[in-house]
Amino acid sequence: MPGRPRTWTYLSGAAELSSGLLLANPSTKRVGGALGAATMVAVYPANIQMAIDHKIRTPFGAGLWLRLPLQLPMINWALKHARS
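Residues numbered from 1 in each chain as written. Predicted model: local features only at pLDDT ≥ 70, side-chain atom pairs only at ≥ 80, totals over all residues. Heavy atoms only, no water.

Caption draft 1: Here's a closer look at the packing of helix α1 (residues 5-24) against helix α2 (residues 29-53). Closest axis-to-axis distance for the α1/α2 pair is 7 Å, and the angle between their directions is 155 degrees. In terms of axis orientation, α1 runs roughly antiparallel to α2. For the element pair α1 and α2, the recorded crossing hand is left-handed. Residues S12, A15, E16, S18, S19, L22 and L23 of α1 pack against K29, V31, G32, G33, L35, G36, T39 and V43 of α2. Across the contact of α1 with α2, the residue classes tally to six nonpolar, seven polar and two charged. (Axes fitted to C-alpha atoms, helices over the stretch in contact; angles between N-to-C directions. Helix = DSSP H or I, 4+ residues; strand = E, 2+ residues; numbered from the N terminus. Parallel < 35°, antiparallel > 145°, perpendicular 65-115°, else oblique. Left-handed = near helix turned anticlockwise from the far one by under 90°. Contact = heavy atoms within 4.5 Å. Nonpolar A, V, L, I, M, F, W, Y, C, P; charged D, E, K, R; others polar.)

Caption draft 2: Looking closely at α2. The first and last C-alpha atoms of α2 sit 35 Å apart over 25 residues, in line with the 36 Å expected at 1.5 Å per residue. Within α2, the axis deviates most sharply at Y44, by approximately 35 degrees, and proline P45 lies no more than four positions further along. Every buried residue of α2 is accounted for by G32, G33, G36, A37, T39, M40, V43, Y44, N47 and A51. If you follow the buried residues of α2, they end up packed against α1 and α3 (59-83). (Expected span 1.5 Å × (residues − 1). Bend = angle between axes of the 7 residues up to and from the residue. Buried < 20%, exposed > 50% of the residue type's maximum accessible area, 1.4 Å probe, protein only.)

Caption draft 3: Fine view of the side chain of S12. If you trace the backbone, S12 turns up in helix α1. In this structure, S12 is in contact with T39 and V43, ignoring residues within four places of it in sequence.

Written out as structure tokens, the structure is:
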């Protein structure tokens, strides 16, 4: 992706916060769920790359790999809210 990595980090963080706020309000939870799922899907490739780039010999490195499959149920949960 073009641009500075820090910019993408800030943008994804803003999208995560926005989706959380939207999910907290019953009248906007569908939009929040859709935004949350889209954000998690968009950052998933970067999370894979981070796990590949980091050495697994540390607890942090192992955590990077362990979180990847845990993100799939979170995406599913967000999609359920987007459909409800």
